[in-house]
Amino acid sequence: MNLNHLTEEQLVLHHYGDAGDEAEAASVAGHLRECPACQAELDGLLRALSAANQLAVPDPGESYGARVFARIQPSLAKGWPGWRDRLASPKPGWILAGRRWAWAGGAAALVVAAFVAGDRVAHRQPAPAAVPQAAQRRGTEAQAGTTPTGAEERGSTAPAEPASAVAAADRERVRAGVLLVAVSGHLERSEVALSELVNSPRGPEVDISEERGRARDLVAENRLYRQTALAAGEPAVAGLLDDLERALVEVANGPSRMNEAEFDRVRRRIVQQDILFKIRVFGERVREAEGRPAAGSGLRG
Amino acid sequence: MDDHDAHDVAQARAGSELAFRRLVERHARGVFQLAFRLTGSEPDADDVVQETFLKAYRELKRFEARSSFRTWVHRITVNCAYDMLRQRPRHRGESLDAGPANAPAGGIELEADGTSWPDRLAFGAEIQGRVRAALDLLTPTERTAFVLRHFEGRSLEEIGEALGLRTGATKHSIFRAVQKMRRALAPLVDPATPGKAEQELRPFQVQP
């Protein structure tokens, strides 16, 4: 028998199987078989650890996850690495270059954003008698696929309105606000998906199956938003969504694996359409319209 | 990775809040249990859970699916809890010096299989309080290392990575934790029999 008793540290490590290599572990086990004092010491250790096992952990219940989500949800919108973070994050040079030359083409997107997020709401207060007709007309036009213009509606604005007209105008504002928020969320998701695609590492074969799957989901979502925008009399938003849809459809209907040349073609088309830039500008304008600070970024322009 | 998790992670990365909600609902209880063991307090564990999922949401794009979502999110939990432990003032919980008022003479004995307590242990609350107080004696590093090794069965490498320790230092942290736990719990678990253990453990002194 080895008269040198095991140390407490050796016993602890032995208990967790962290004593060392196999030979060392076998040596400790052999000593324990032959040494009642060390075995008693180990038993004492195990009793203490067994007591620790009695520590009860409260079960927060099956609905705990839902409660946690409800608590963090307001922060998710702020915490999502959204417009500001992504604008501030470093981008490959070719994206920056593309963004700079895209200013001219992006002017149209700025007009879109200004229309959507600016004083559009203030000018969309139909006359009392025109409210139901305007709503009816929108529905008809949506079904027929025609698009009412903002100018037509602005022409029907009355200088003074009774309470019912104000209420109707409020409903319009709410509706427009809901659409704006919903579309901006969709655009942000689309931007993430397309950004990841264009930033995918190049190689002899590029696997974009994940991005392709997302694009398919986004295409379906995009169609709904585009139709809603048309029905709501937002042709500029619908136009932006139309541009986006073309890019998404190309990815969704393309192969999940591409060779380098195919991938470059897809990526180039997305960049040349300025769709990512337009989405970012739209997001900035929405943020300004909501009174949030604009994403100050030296990267723009 | 679990198929449901993989699908929801992909959807959440694409911006689906609903998919992220499903991930939270699926994993929040497990995260809470880990956070509770690490912090020893329900309100603190709640805070850790929330911070964990907020961080997970922000970092989701960096999740590379080399490990499961559960492993990844538990790693975030450990980091959040460890930060919290280091920031909060150490507290003793209840006093250990008075000894177990209700402990039966001769200490508590295990059943022959060493895994369950006899029915005569009607003072479970005493044990609970003692264990909580013993855990509160540990430093944040010792506590985290002990919880991960003892309750979670994590490897030395995983624990070392989480705590930024080399293997030797990780082993020592676990040993120190067990040593403190044993001494704090000795009056409950060690029968008053002569021997090496008694010499070492009775009367125990709580080291600050």
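The structure we're discussing is the one just above.
Residues numbered from 1 in each chain as written. Chains lettered and ligands numbered in written order. Predicted model: local features only at pLDDT ≥ 70, side-chain atom pairs only at ≥ 80, totals over all residues. Heavy atoms only, no water.

Undergrad: Hey, could you go over the interface of chain A and chain B for me, with residue numbers and the actual values?
TA: In this assembly, 46 residues from chain A lie in contact with 57 residues from chain B. Carbon and sulfur atoms supply 62% of the area that chain A and chain B bury against each other, a total of about 5100 Å² over both sides. Residue Arg29 of chain B is joined to Asp59 of chain A by a salt bridge in which the shortest nitrogen-to-oxygen separation is 2.6 Å. Where chain A touches chain B, the interface holds 15 residue pairs in polar contact (both at pLDDT 80 or more). Taken together, the elements giving at least two residues each to the side of chain A that touches chain B come down to helix H1 (8-15), helix H3 (36-52), helix H4 (64-79), helix H10 (163-198) and helix H11 (209-231) of chain A. Counted by class, the side of chain A that touches chain B contains 23 nonpolar, 10 polar and 13 charged residues. (Contact = heavy atoms within 4.5 Å. Buried area = accessible area lost by both parts, 1.4 Å probe. Salt bridge = Lys/Arg side-chain N within 4 Å of Asp/Glu carboxyl O. Polar contact = N/O pair within 3.5 Å; in protein donor to acceptor, adjacent residues only side chain to side chain. Helix = DSSP H or I, 4+ residues; strand = E, 2+ residues; numbered from the N terminus. Nonpolar A, V, L, I, M, F, W, Y, C, P; charged D, E, K, R; others polar.)

Undergrad: Residues and numbers for the nonpolar core, please.
TA: Proteins that are soluble and globular tend to have nonpolar side chains buried together. In this structure, Phe20, Phe53, Phe146 and Met181 of chain B are the most contacted members of the largest nonpolar core, which totals 74 residues. In terms of residue count, the dominant contributor to this core is helix H2 (residues 17-39) of chain B (11 residues). For Phe53 of chain B, the residues in contact, after removing those within four places along its chain, are Val68 and Ile72 of chain A together with Phe20, Leu23, Val24, His27, Ala28, Val31 and Val73 of chain B. Grouped together as the second largest cluster of nonpolar side chains are 31 residues, Val198, Leu218, Met258 and Leu276 of chain A included. (Core = buried A, V, L, I, M, F, W, Y, C linked by side-chain atoms within 4.5 Å. Buried < 20%, exposed > 50% of the residue type's maximum accessible area, 1.4 Å probe, protein only.)

Undergrad: Which residues make up the packing of helix H1 (residues 3-13) of chain B against H2 of chain B, and what values do they have?
TA: Residue and element names in this part refer to chain B. One can describe the packing of H1 onto H2 by two numbers: an axis separation of 7 Å at closest approach and a directional angle of 140°. Between H1 and H2, the angle falls in the class oblique. Read as a crossing pair, H1 and H2 show a hand that is left-handed. Mapping the contact onto sequence places His4, Asp5, His7, Asp8, Val9, Gln11 and Ala12 in H1 and Ala19, Phe20, Arg22, Leu23, Arg26 and His27 in H2. Partitioning the contact of H1 with H2 into residue classes produces five nonpolar, four polar and four charged. (Axes fitted to C-alpha atoms, helices over the stretch in contact; angles between N-to-C directions. Parallel < 35°, antiparallel > 145°, perpendicular 65-115°, else oblique. Left-handed = near helix turned anticlockwise from the far one by under 90°.)

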